[in-house]
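Residue-level structure breakdown
This is what each chain is made of:
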There are 2 protein chains.
Amino acid sequence: VARTRLVVVGGDAAGMSAASQARKRRDADELEIVAFERGGHVSYSACGLPYYAGDVVKDWHDLIARTPEQFAEQGIDARTGHEVEAIDLEARRVRVRDLAAGRSGDEPFDALVVATGAEPLRPPIPGIDLPGVHGLSILQDGIDLRRAIDAGPARAVVVGGGYIGLEAAEALVNRGVPTALVEAGPQVMGHIDPDMGELVSQATRDVGVELYTEEKVEAVEGDGRVRAVRTGSRTLEADLVVLGLGTRPAVGLAEAAGITLGPSGAIAVNARMQTPHEGVWAAGDCVQARHVVSGQPVNYHLGTIANKQGRVCGINLGGGYATFPGVLGTAVSRICAVEVARTGLSEAELAQLGLEWETATVDSTTRAGYFPGAAPIRTKVVAERRSGRLLGAQIVGREGAAKRIDVFAAAIWNGMAVDDMVHLDLSYAPPFSPVWDPVLIAVRKLSEQVERDLQACL
Amino acid sequence: VARTRLVVVGGDAAGMSAASQARKRRDADELEIVAFERGGHVSYSACGLPYYAGDVVKDWHDLIARTPEQFAEQGIDARTGHEVEAIDLEARRVRVRDLAAGRSGDEPFDALVVATGAEPLRPPIPGIDLPGVHGLSILQDGIDLRRAIDAGPARAVVVGGGYIGLEAAEALVNRGVPTALVEAGPQVMGHIDPDMGELVSQATRDVGVELYTEEKVEAVEGDGRVRAVRTGSRTLEADLVVLGLGTRPAVGLAEAAGITLGPSGAIAVNARMQTPHEGVWAAGDCVQARHVVSGQPVNYHLGTIANKQGRVCGINLGGGYATFPGVLGTAVSRICAVEVARTGLSEAELAQLGLEWETATVDSTTRAGYFPGAAPIRTKVVAERRSGRLLGAQIVGREGAAKRIDVFAAAIWNGMAVDDMVHLDLSYAPPFSPVWDPVLIAVRKLSEQVERDLQACL
C-alpha cells in the first residue's frame, strides 16, 4: 500500500486526539501524520488558564498534556507556529505559513482533519484593542493575564458573565484585585434557568465582585492603555480588563474552502466525523453535533466533546469504526466555593422547541444533614409533561454538589423517566449523601407532580 | 367505607416510610396506622451510629429523622418499646408486648407490613456476651459505645472488617484508642474484589489499625469483663470489643407465622412489596429483592433500599400503584480519608453465576492532574465478554472519588455497554475532574479490550 498523508489543522484536543488514535491503529510506514498549530503549543488545557492566571496552578507548563517532542516520539509531526491559510479541496493541499520564518508553502494531504476550534467573540467595541484588555482563550493569553495580575492592578473589570468571565473574576478577587463584572443579560451563566442563575449571581456578589447585569459595554476608554470601561449606565475605572464575551466556531478557513456548514453555523459532519467532502474530516469546537434530547444540531465548545469527537475521528481514520452519538451540553463550573452544573435542556431551550414540561426544585445537603461538612445543594429537574421523561437538570451548591450532574446526564442519555429514576440504586453513607440522595429527592418530587398532573387530566 | 387498620411491625426506614406514604394517600378516617417498634426510637439513621460513637456527630438526637410525636401529628401511632411477639395470619392479629409495662395484648390488623429489618450475626463465641463487648446496630448500641470510648479504653479490638467494622475502627483510632481489627477473610470489605480490597486493607493499616486477616476469633476472654480476644494465632488484649460480624434478615417472627421466605432466606415479595398472604406486605432489610444485573433474588441490608421499598409499599397501601424494580447493591463507605464504593456484581459473584467477563482497572485523579487537591482514584470496571455490557464497578480513592460510583450505577441500570458509555456526556472543569473523567477512562480502556478480544475471536 502507498503511504497516505493525514494533515490535521489545529493542534489542540480534537486534532491531537484524532492524530493519536489514527497513529495507534496505523503505523508510520502506512500513514504519515502532520498537525499544524498556529499557536505556540499543542495539546494543553485551555480550561486551566483562569486557574493559572489566578495562581491556583503555579506553573503553566503543568497545563500542557503533551509536547510536540512527545508527539514526535509517537510518530506525529506536530508543528507549532504554523498557520494554515487556505485549504484547497480540489488540489488536495493546504497553504501553510511558518509564522517564525514568515513564509508560506503548500502541504499535500490525502486525508484532512479540520480541528480549528472556537474563537472568542470580539464585538467592535471602541477601545477593545487597548493594551490592558485581555482575552483568555489560548495559553499565551493565560500567561499574559497572570503577568498583568502579578503587576498588581488597581481595579479590574470583567466583561461577560459566562464560564470564562466568572472564572476570571474568581481569579481576580482571590488575588485581591477589586473587580467588577459587567453582563449584558439579566444574570450570569446565561445558559442556566433564571431561578438557578440568580443563585450564581448572588454567589458572585458574595465573593466581593461588583456585579452589573443588563448593562452593555459601550466603550473601553483609555489613552494608550485601558483606563475605564463605559456601560450604558456608568463608567467603571479599570487598569485591567478581561473579556469573556463568548466564543464562536472558528470556521472561516473551512467556509472559504467550500466546506459545508450546518444550521448551527459549525461544520456539518456525520456520526463518524466525516464532512460530505471526500477524505475531509472535522472534530471539536468547530463542528456541529446532534443534541441527544432535542435531536437538533448544536455547537458547544467543551473540551470533553472535542476529546471524544477527536477520538472517534481518529479511530475511523485508522481504519476502525466508531460513531459519535451526540451531546447533552453537560457542564460544570464554580465561582469560588459555589458550584454550578447543568445537563440537558434549559427551560428557554424547551420553549424554543415547543415542548411542554414540568419542573421541581429541591434543597438538600451534600452529606447527611447531621454530618459535619454537609453543604447546601439546590437541584432543579425538568421533565416532559405527561411522559415524565427527564429533559434537563441543574445544580447549584457548595463543595461536593455539582458532580452529581453526571448521574442526571447518564439518566437523560438513556431516556429515563423521573418515576423510573426514583428507584436508581445510588450510593449512600452519611459522609457522602443523605439516605435519599439529592438527585433522587428531586426526581421523586417531580415524579409526584407529573403523576398529579396526569390524574388531573383524567 | 369502614375504617381499615394497618399494623406496621418495625419502626425504622422501611416501616415508617410505608406508614408515611400510606398516610399521604389515605386520611385517618379511612385508614388507622399503628407501628410497633421494640427499641426506644423510630426512624433514625443507623448508618450514623459509628460517627456518633466517634464523636464526629456530637449529639445522637441529630440522628433521629422523626420522633413518635412527629408521627402522631401526621396521624401515625408509632409505639416504641412495643415488641411484636407473634403474628396470627388467620385471626388477623399480632401479639404485642409492652416492654415497660411488662404485659402483652392482641392488636388486630386488616393490613400488615413486616419491616423487622436485619439483626447482627452473633456466632456462639465463648465470652461474646461479656461486658465491654459492643454491637453497633441500634441507637442504644451507639450511645453505649460512645460512652465506652469516652471512658478512655486502653485497647480495642474490632471483630469483622465489613462496613460496620471499618467504621468502628475509624471511630476508635480517630479518638486515639489503639485498635486491632480481626477479619476471618483474606481482606477487609469482603464484598469487593481482592485487588481493590487490598487497597482498603492497606488504608486500614495506614491509619494505624493493627489488621489481622484470615484469623478467626475463637474466644473473648475476661473475668466479669472483657480482657482479651483470642484468635487462632494470637491473643489481643482489649478492654473494649466491637462486633461487626455481619447481619442477617430478621425473619424469625415472619417464619413462625408461616410467611413465605425466598431462596435468599428473606421474605419473598412481589414487585409491589406484597407477600403471597392476603393483606400482608413486607419491606426493608427483611425482604428479598431482584438483582437488576443477575436477575437473582438477593437480600442486602442498605438504608437506601429499605427507604425505597417502604415508599413503594406505602404507595400501594394507600391505593396507588408502584413497583420496586430491584437493586444493584450500590454502596459507599470510607476508612478515614480513603473512600470505597461498589455497584453491580463482583468477580466472585460473576463466577458463581457462570458468566464470563473482562475487567479494566485505571488510576486517575479526582480533579485535573495539575489542580490542587487532585486526589488519586482507582477505578475498576467489569463487563460481559463479547457484549461489553457493564456488569459492575468498584472505586477506591481519596476525597471526591467514591460518589462517582453512581454514574456506573445509572449506566448498569440501563444495560449500557462500555463502548456506549465512553460517549456519555459527563461534566468537566479542572476543579472537578480530568477532561476524561475517571469513569470514562475506565470504560474506554475496557471497551478497547473487549474490541481486541472480539477481533481475536474472528
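Residues numbered from 1 in each chain as written. Chains lettered and ligands numbered in written order. Predicted model: local features only at pLDDT ≥ 70, side-chain atom pairs only at ≥ 80, totals over all residues. Heavy atoms only, no water.

What follows covers empty space enclosed by the protein. Enumeration according to the criterion identifies 3 cavities of 30 Å³ or more in this entry. Taken as a whole, the largest cavity encloses approximately 40 Å³ of empty space. Residue lining of the largest cavity: G284, V287, Q288, A289, V298, N299, Y300, I305, Q309 and V327 of chain B, and that is the complete set. For the lining of the largest cavity, the residue count by class is 6 nonpolar, 4 polar and no charged. Considering only enclosed or pocket space, the second largest cavity measures out at about 30 Å³ in volume. Considering the residues around the second largest cavity, the lining is formed by G284, V287, A289, V298, Y300, I305, Q309 and V327 of chain A. Classifying every residue of the lining of the second largest cavity gives 6 nonpolar, 2 polar and no charged. (1 Å grid on protein atoms, 1.4 Å probe; cavity = no way out; pocket = protein on both sides within 12 Å on 5 of 7 lines; lining within 4 Å. Points joined across faces, edges and corners; volume = space filled by probe spheres on them. Nonpolar A, V, L, I, M, F, W, Y, C, P; charged D, E, K, R; others polar.)

Attention shifts here to the pairing of strand β4 (residues 82-88) of chain A. Residue and element names in this part refer to chain A. When β4 meets strand β5 (residues 93-98), the two strands line up antiparallel, connected through 6 bridges. Among the inter-strand pairings, E83 is bridged to a residue of β5, identified as R97. Here β4 folds back onto β5, and the loop between the two strands holds 4 residues, one of which, R92, carries a positive phi near 55°. (Pairing = 2+ DSSP bridges. Helix = DSSP H or I, 4+ residues; strand = E, 2+ residues; numbered from the N terminus.)

All names here are of chain A. In this structure, R92 takes a positive phi of about 55° despite not being glycine. Note on placement: R92 falls in the loop between β4 and β5. One non-glycine residue, E214, lies in positive phi territory at about 50°. Mapped onto the secondary structure, E214 falls in the loop between β12 (210-213) and β13 (217-222).

The next subject is helix α5 (residues 163-174) of chain A. Residue and element names in this part refer to chain A. The terminal C-alpha atoms of α5 lie 16 Å apart, and with 12 residues this matches the ideal 16 Å at 1.5 Å per residue to within 8%. For α5, a buried count of 9 out of 12 residues is recorded, marking the element as mostly surrounded by other parts of the structure. Looking at α5, one finds that the buried residues are G165, L166, E167, A168, A169, E170, A171, L172 and V173. Residue G176 follows α5 closely and has a positive phi angle near 80°. (Expected span 1.5 Å × (residues − 1). Buried < 20%, exposed > 50% of the residue type's maximum accessible area, 1.4 Å probe, protein only.)

Residues and elements named next belong to chain A. Scanning the model with the defined rule gives 72 salt bridges over all chains in all. We note a salt bridge from D77 to R79, for which the minimum N-O separation is 2.9 Å. For D77, a relative accessible area of 33% gives the class partly exposed. The partly exposed category is assigned to R79, whose relative accessible area is 23%. Here E215 ties to R234 by a salt bridge, and the two come within 2.5 Å at their closest N and O atoms. In this pair, E215 is assigned in the loop between β12 and β13 and R234 in the loop between β14 (226-231) and β15 (235-237), connecting sequence segments 19 residues apart. In the salt-bridge network here, residues are joined through shared partners; they are R3, R5, E32, D77, R79 and E107. (Salt bridge = Lys/Arg side-chain N within 4 Å of Asp/Glu carboxyl O.)

Turning our attention to the packing of aromatic side chains. Within this structure, the stated rule accounts for 2 aromatic pairs over all chains. A ring pair is formed by Y51 of chain A and F371 of chain B, whose centres lie 5.0 Å apart and whose planes are at 80°; its orientation type is edge-to-face. With Y51 of chain A in helix α2 (residues 49-53) and F371 of chain B in the loop between β23 (357-365) and β24 (376-384), the pair connects residues from two separate chains. If you follow R66 of chain A out to its NZ or CZ, it ends over the ring of F71 of chain A, 4.4 Å from the centre. It is K308 of chain A that lies over the ring of W436 of chain B; its NZ or CZ is 6.0 Å from the centre. (Phe/Tyr/Trp six-rings, centres within 6.5 Å; stacked < 30°, edge-to-face > 60°. Lys NZ or Arg CZ within 6 Å of the ring centre and 35° of its normal.)

Copies of the same chain, two in number, are related to each other by a rotation about an axis and a translation along it. Between chain A and chain B, the superposition needs a rotation of 180° and an axial shift of 0.0 Å, giving an RMSD of 0.0 Å. With respect to symmetry, the two chain copies, as superposed, fit the operation of a two-fold axis. Looking at the rotation axis and the C-alpha trace of chain A, the residue lying nearest is V407 of chain A, at 2.5 Å. Taken together, the interface assignments show that 100% of the residues at the interface of chain A recur at the interface of chain B, consistent with an identical surface on both copies. (Least-squares fit on C-alpha atoms with pLDDT ≥ 70 in both. Contact = heavy atoms within 4.5 Å.)

All names here are of chain B. Here we have 5 strands laid out as an open sheet, ordered β9-β16-β10-β11-β12, and parallel in their pairing. With partners counted over all chains shown, the strands left at the sheet margins are β9 (133-134) and β12 (210-213), one partner each. As judged from the 2 bridges shared by β9 and strand β16 (residues 240-243), these two strands associate in the parallel manner. Along β16, the bridge assignment pairs H134 with V242. Running over the sheet, helix α5 (residues 163-174) touches β10 (156-159), β11 (179-183) and β16 and is turned about 170° from β11. (Axes fitted to C-alpha atoms, helices over the stretch in contact; angles between N-to-C directions.)

Another aspect to go through is the sheet that holds strand β21 (residues 331-335) of chain A. Paired through backbone hydrogen bonds, the strands of a sheet run either parallel or antiparallel to each other. All names here are of chain A. Overall, antiparallel pairing links the 5 strands, which are arranged β21-β22-β25-β24-β23 in an open sheet. A single partner strand is all that each edge strand has here, and the edge strands are β21 and β23 (357-365). For this sheet, the mean inter-axis angle between neighbouring strands, taken without regard to orientation, is 15°. Strand contacts of α5: β21 and β22 (338-344), with the helix running at about 30° to β21, the strand carrying the most contacts. Packed on one face of the sheet, helix α10 (residues 405-413) meets β22, β24 (376-384) and β25 (390-397) and runs near 180° to β25.

All names here are of chain B. Running from amino to carboxyl end, helix α1 (residues 13-25) crosses helix α8 (residues 303-317) at an angle of 30°, the nearest separation of the two axes being 7 Å. As summarised for this structure, α1 and α8 are arranged roughly parallel, according to the angle between their axes. α1 and α8 meet at a crossing whose hand is right-handed. Side by side, α1 and α8 meet where A13, A14, S17, A18, Q21, A22 and R25 of the first sit next to A306, N307, G310, R311, C313, G314, I315 and L317 of the second. (Parallel < 35°, antiparallel > 145°, perpendicular 65-115°, else oblique. Left-handed = near helix turned anticlockwise from the far one by under 90°.)

We now examine the interface of chain A and chain B. Of the residues lining the interface, 66 residues belong to chain A; the matching set on chain B comes to 66 residues. In this structure, K403 of chain B engages D437 of chain A in a salt bridge whose closest nitrogen and oxygen atoms are separated by 2.6 Å. Put simply, chain A and chain B have 23 residue pairs in polar contact (both at pLDDT 80 or more) between them. Elements with a minimum of two residues in the side of chain A that touches chain B: α1 (13-25), α8 (303-317), β21, α10 and α12 (438-457) of chain A. Sorting elements by how many residues they give to the side of chain A that touches chain B places α8 of chain A first, with 7 residues. Split by residue class, the side of chain A that touches chain B holds 34 nonpolar, 15 polar and 17 charged. (Polar contact = N/O pair within 3.5 Å; in protein donor to acceptor, adjacent residues only side chain to side chain.)

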